[in-house]
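Examining the three-dimensional arrangement
Each chain, written out:
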Amino acid sequence: MMDRRRTQVWKVSAVPGANFESIDEAIPVLQAAEILRQGGLVAFPTETVYGLGANGLDEEAVARIFAAKERPADNPLILHIGNMEAIYGIVTEVPPLARRLARTLWPGPLTLVLPKAPHIPAVTTGGLDTVAVRMPSHPIALALLNAAGIPVAAPSANKSGRPSPTEAAHVIADLFGRVDIIIDGGPTGIGVESTVVDCTGAKPVILRPGGISLEILEEIVGEVDIGPHAWADGGVGGPTPLPSANYQHYAPNAPAVLVEGDPPSLFQCLTQLATELQAQGEQVGLMASRELLEYWQEQGIDPGKWEITCMGSRVNLGEIASNIYRCLRALDETSASKILIEGVPPRGIGLTIMNRLRKAASDQVVNA
Ligand code: TXA
Ligand code: MG
């Protein structure tokens, strides 16, 4: 066993969707797979966020994940697999709708909740009789999972309560000295976690919105319900609670307010709030779109006194999704005492973005 206090960071370059450029590239991945098999902790990139992996069948290894992250023990983990067939070693049944979703969307940012096989330890599933399964599409993740040949339990590789990591630097900041290996595969592409779908009932239920939108799921399986904690507006309805719903989710150090609405009134409202807060002596931090920055320029507004982090363009919500966690971490590095977050339309991946931003704002929402 390695000395976890001496975390090693291994850089692996792989082009998403392509193979490793040379056999040398694969060697650290094979070594990391061996460390997983021996019960160690390996942080690795996926197409959504970095995961903190351990052998999902090994109770002690899984317990190490909870310890490293300081995660509440009853919040269940996702088991990651490197090929479709591996699902049959984890669940007792793959109902037709789950099969259709997996066949269409795996590998990819979709997690299916299914009845668990008896040999999956309770520590992995938080004592539930279901298990969450996902086949990620990142080439490093796939290579690692197939080389390990075991289901790999992997929550996001952040300390509990911190934003999910989209770069190896974020994992290093949170978990250095607590894990064996951090595989640095560069920034993750999607930047928000997988969509978690409960497939144990007659109709699929989104427990957590993520990288796959409601609209895409409905194209594949027809009507899909949205669980009580999955809405971007904090609404309730639907039968299945998310086990993690009771926990303190990430909120920045400074109190944050999410501002919803459409431009231009959205931009006017954000500008007015920032001006007022500054007049009250607050150091204002802003998570803004490129369009808001352009609006200020056009209006001759000088945002120089505010701490601004740009999420990307409102016409490309995928770009905004890929930046929100990095932006939240960036604002925590500033002296901002109040944070204003620009909302986006809750459609497509926008539902996922708003779900995460609402949590970051601890449900403090203003309508423009
Ligand atoms: O994109 C992702 O899903 C990333 C990467 C690393 O794969 N993983 C991730 O894991 O976000 P984590 O642990 O941060 O979030 C897993 C979510 C939690 O909200 C948990 O409550 C839910 O999935 N979950 C896990 N098992 C479940 C189960 N059996 N029933 C219902 N929800 C479950
Ligand atoms: Mg997480």
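Note that this is a predicted model, so its numbers are computed, not measured. (Residues numbered from 1 in each chain as written. Chains lettered and ligands numbered in written order. Predicted model: local features only at pLDDT ≥ 70, side-chain atom pairs only at ≥ 80, totals over all residues. Heavy atoms only, no water.)

Here's the deal with the overall build of the chain
Across its full length, the chain carries 11 helices and 16 strands. Since a compact globule built from 368 residues should have a radius of gyration of about 21 Å, the 21 Å found for the chain is in line with a globular shape. Across its three principal axes, the chain shows a C-alpha extent of roughly 60 × 50 × 35 Å. Of all 368 residues assigned to the chain, the portion counted as buried reaches 56%. A separation of at least 24 residues holds for 68% of the contacts in the chain among residues at least 6 apart in sequence. When the accessible surface of the chain is totalled, it reaches about 15000 Å², and 51% of it is carbon and sulfur. If you average the places of the 28 positive and of the 40 negative side-chain charges in the chain, the two averages end up 4 Å apart. (Helix = DSSP H or I, 4+ residues; strand = E, 2+ residues; numbered from the N terminus. Rg over C-alpha atoms; globule rule 2.2 N^0.38 Å. Buried < 20%, exposed > 50% of the residue type's maximum accessible area, 1.4 Å probe, protein only. Contact = heavy atoms within 4.5 Å. Areas by Shrake-Rupley, 256 points an atom, 1.4 Å probe, with all protein chains shown as cover. Lys, Arg positive; Asp, Glu negative; His and termini not counted. Charge placed at Lys NZ, Arg CZ, Asp CG, Glu CD.)

A word on the site of ligand 1
Taken together, 27 residues are adjacent to ligand 1, and T48, N75, H80, S194 and R208 come closest. Contact between ligand 1 and H80: an oxygen atom at 2.6 Å from a side-chain N or O atom of the residue. Within the side chain of R134, an N or O atom sits 3.0 Å from an oxygen atom of ligand 1. Here ligand 1 has 680 Å² of accessible area as a free molecule, and 96% of this is covered by the chains. Here the shell around ligand 1 gets four residues from one element, more than from any other, and that element is strand β6 (residues 130–134). Among the residues making up the shell around ligand 1, the classes are represented as 15 nonpolar, eight polar and four charged. (Near = heavy atom within 4 Å. Polar contact = N/O pair within 3.5 Å; in protein donor to acceptor, adjacent residues only side chain to side chain. Nonpolar A, V, L, I, M, F, W, Y, C, P; charged D, E, K, R; others polar.)

What about the pattern of salt bridges?
Counting across every chain of the model gives 16 salt bridges. For D174, the salt bridge identified is with R162, shortest N-O distance 3.2 Å. Residue D174 is found in helix α6 (residues 168–175), and its partner R162 is found in the loop between β7 (152–153) and α6; the two are separated by 12 residues along the sequence. Look at R162 and you get partly exposed, because its relative accessible area is 27%. (Salt bridge = Lys/Arg side-chain N within 4 Å of Asp/Glu carboxyl O.)

Details of the packing of helix α3 (residues 96–105) against helix α7 (residues 214–221)
Closest axis-to-axis distance for the α3/α7 pair is 10 Å, and the angle between their directions is 120 degrees. Viewed along their axes, α3 and α7 adopt a mutual orientation that is oblique. As α3 packs across α7, the resulting crossing turns out to be right-handed. Side by side, α3 and α7 meet where L97, R100, L101, T104 and L105 of the first sit next to I216, L217, I220 and V221 of the second. Here the contact of α3 with α7 is built from residues that sort into seven nonpolar, one polar and one charged. (Axes fitted to C-alpha atoms, helices over the stretch in contact; angles between N-to-C directions. Parallel < 35°, antiparallel > 145°, perpendicular 65-115°, else oblique. Left-handed = near helix turned anticlockwise from the far one by under 90°.)

Describing the packing of aromatic side chains
Applying the stated criterion to the full structure yields two aromatic pairs. Where F267 meets Y295, the ring centres are 5.4 Å apart and the plane angle is 55 degrees; that geometry is what we call tilted. With a gap of 28 residues between them, F267 in helix α8 (residues 265–279) and Y295 in helix α9 (residues 290–299) connect regions that are remote in the sequence. Accessibility classification places F267 together with Y295 in one group, the buried group. (Phe/Tyr/Trp six-rings, centres within 6.5 Å; stacked < 30°, edge-to-face > 60°.)

Observations regarding the nonpolar core
Formed by 51 residues in total, the largest nonpolar core has its most connected members in L52, L101, W106, L110, L112 and L217. If you list the elements that add at least two residues to this core, you get β3 (51–55), α2 (59–69), α3, β5 (110–115), β6, α6 and α7. In terms of nonpolar packing, the next biggest core, distinct from the first, is built from 26 residues, M287, I324, I341 and A361 among them. (Core = buried A, V, L, I, M, F, W, Y, C linked by side-chain atoms within 4.5 Å.)

Quick notes on the environment of P345
Within the element layout of this structure, P345 appears in the loop between β15 (338–342) and α11 (349–360). As a C-alpha pair, P345 and D262 span 83 residues in sequence and 7.9 Å in three-dimensional space. Beyond its immediate stretch of four places on either side in the chain, P345 contacts R314, L317, G350 and L351.

Some remarks on α3
The complete set of buried residues in α3 reads L97, A98, L101, A102 and L105. Seen end-on, α3 carries its buried residues on one side only, within an arc spanning 135 degrees. Opposite its buried face, α3 presents the exposed residues P96 and R103, each directed more than 90 degrees away. Buried positions along α3 lie against β5, β9 (195–198) and α7. (Arc of directions from axis to C-beta.)

Distances and angles like these do not, on their own, reveal function.
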